[in-house]
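# Observations on chain architecture
Listed below, chain by chain, are the residues.
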Amino acid sequence: MINDILTVIWKEWKSMFRVKGGRSRFLMILLTPVIMSVIMPLVFDSPEEWTNGFFAVILSIIMPLLIVGITIPDSFAGERERNTLETLLASRLPDRAILYGKWLLSVIFAWGVTILFLLVGLVTVNIKFWDGEILFYSPLLIAANLTISLLMATTVAGTGVLISLRSATVQQATQVLMMIFLVPLI
C-alpha cells in the first residue's frame with residue numbers, strides 16, 4: 001500500500017508541471033510565501049516581534065490554507081475535468097492509495113512551503129537586525145508554528161478532498177473550499 005501511495009504522490013507531483021501553466025502555477029505557489037516572508041519581517045521595528053510574536057503563527061495558519069487551497073481542488077475535480085478520473089480508478093492502484101496519495105502530497109507540499117516561509121523570514125530578520133549574533137525562534141514558537149501549520153494543512157486538505165470529490169469543476173471546488181476557510185478568518 002505504501003508503494004502505491006508513493007506512486008500516486010509521484011504522479012501528482014509530475015502532473016503539477018505537466019498541465020498547461022503548471023510551472024508558472026508552481027512558481028506562483030512558491031513565490032507568494034517567499035515574498036511575504038521577506039516583506040513581513042521588514043515591517044517590524046524589533047526582531048522579537050517576529051521571533052517571539054504571534055504574527056509568525058498567524059501566517060503559519062494562512063500559508064497552508066492558501067497553498068492547499070490552490071493544490072487540493074485539482075485532485076479529483078481536475079481529474080474529472082480532464083477525463084482521467086475513470087482511467088485512474090480503473091488502474092491497479094487501490095482507491096485508498098489514490099485518496100491518500102493526493103491528500104498527502106498537498107499536506108507535505110504546504111507544510112514544506114510553510115517551513116521554507118519560516119526559514120526565509122528568520123534569515124530576513126537576521127539580516128535586518130544583525131548585531132553579531134544569530135536570532136532564532138523561541139522553542140515554543142517553533143513548536144506552535146510547526147504543529148499548527150501541519151494541522152491546518154491536514155484539515156484543509158481533508159476538507160478539500162471531500163469538496164473536490166463532489167464538485168463538477170476545479171473552480172467550483174476552489175471557491176467552496178476558500179469560502180469555508182477564508183470567510184471565518186476575514
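What you are looking at is a predicted structure, and each value in this text was computed from that prediction instead of being measured.

The rules behind the values
Each chain has its residues counted from 1, running along the sequence as written. Since the coordinates come from a predicted model, pLDDT governs what is reported: local features require at least 70, and pairs of side-chain atoms require 80 or more to be given and counted, while whole-chain, interface and lining totals use all residues. Side-chain measures here rest on the full set of heavy atoms in the structure, leaving out hydrogens and waters. By nonpolar core we mean a set of buried residues, namely Ala, Val, Leu, Ile, Met, Phe, Trp, Tyr and Cys, connected to one another through side-chain atoms within 4.5 Å. Summary of the burial criterion: residues with accessible area below 20% of their type's maximum are buried, those above 50% are exposed, and those between are partly exposed, where the area comes from a 1.4 Å probe applied to protein chains only. Strands are runs of DSSP state E lasting at least two residues, helices are runs of H or I lasting at least four, and both sets are numbered from the N terminus onward. Throughout, a contact is declared for two residues whenever any of their heavy atoms are within 4.5 Å. Polar contact is defined as a pair of N or O atoms within 3.5 Å, subject to the rule that within protein one atom must be able to donate a hydrogen and the other to accept it, and that residues adjacent in sequence are counted only when both atoms are side-chain atoms. Only residues whose relative accessible area exceeds 30% and that take part in no salt bridge are eligible for patches, with like-charged residues grouped when within 9 Å of each other and nonpolar side chains (Val, Leu, Ile, Met, Phe, Trp, Tyr) grouped when within 5 Å. Note on areas: Shrake-Rupley with a 1.4 Å probe; residue coverage comes only from the protein chains shown. The term salt bridge refers to a pairing of a side-chain nitrogen on Lys or Arg with a carboxyl oxygen on Asp or Glu at a separation within 4 Å. Any pair of Phe, Tyr and Trp rings, taking the six-membered ring for Trp, is counted once the centres come within 6.5 Å. Such a pair is stacked with planes under 30 degrees apart, edge-to-face with planes over 60 apart, and tilted for the rest. Only when the NZ of Lys or the CZ of Arg is both within 6 Å of the ring centre and within 35 degrees of the ring normal is a charge said to sit over the ring.

Glancing now at the nonpolar core. Ranked by size, the top nonpolar core spans 30 residues in total, and within it V68, I72, I98, V156, L177 and F181 carry the most contacts. At the level of elements, helix 1 (2–18), helix 4 (55–71), helix 6 (85–90), helix 7 (95–128), helix 8 (139–166) and helix 9 (170–185) are the ones that each hand at least two residues to this core. Looking at which element gives the most residues to this core, the answer is helix 7, with seven residues. The contacts of V156, once residues within four sequence positions are left out, are L65, V68, G69, I72, L177 and F181.

Let us now look at the side chain of S149. One can find S149 in helix 8. Side-chain polar atoms of S149 contact the backbone oxygen of N145, separated by 2.7 Å. If sequence neighbours within four positions are ignored, S149 has contacts with S60, P64, W111, T114 and A144.

It is worth spelling out the environment of G69 at this point. Positionally, G69 belongs in helix 4. Among the residues examined, G69 registers a relative accessible area of 0% and is labelled buried. Along the sequence, G69 and A110 sit 41 residues apart, while their C-alpha atoms lie 9.5 Å from each other. The contact partners of G69, leaving out residues within four places of it in the chain, are P64, V156, T174, L177 and M178.

Before going further, it helps to examine a nonpolar patch on the surface. A cluster of nonpolar residues, L27, L31, I35, V38, I39, L42 and V43, forms a patch on the protein surface that exposes about 600 Å² of accessible area. Structurally, the position occupied by L31 is in helix 2 (residues 22–43).

A few words now on the packing of aromatic side chains. Tallying each qualifying case throughout the model produces two aromatic pairs. Geometrically, the ring pair formed by W50 and F55 is tilted, given 6.2 Å between the ring centres and 55° between the ring planes. Look at W50 and you get buried, because its relative accessible area is 0%. Where W50 meets F117, the ring centres are 6.0 Å apart and the plane angle is 80°; that geometry is what we call edge-to-face. Of this pair, W50 sits in helix 3 (residues 48–51) while F117 is found in helix 7, placing the two residues 67 residues apart along the sequence. With respect to burial, W50 and F117 carry one shared label: buried. Every member of this aromatic cluster is reached through a ring pair, and the members are W50, F55 and F117. Positioned above the aromatic ring of F76 is the side chain of K102, whose terminal nitrogen or guanidinium carbon lies 5.4 Å from the ring centre.

This model, assessed by the stated rule, comprises four salt bridges. Notably, a salt bridge pairs E79 with K11, separated by 2.5 Å at the nearest N-O pair. Taken together, the residues E79 in helix 5 (residues 77–81) and K11 in helix 1 connect sequence positions 68 residues apart. A relative accessible area of 26% means that K11 is categorised as partly exposed. Here K102 ties to E79 by a salt bridge, and the two come within 3.0 Å at their closest N and O atoms. You can see K102 sitting in helix 7 and its partner E79 sitting in helix 5, a full 23 residues away along the chain. With a relative accessible area of 2%, K102 lands in the buried category. Judged by its relative accessible area of 2%, E79 is buried. Where salt bridges share partners, they join K11, E79 and K102 into one cluster.

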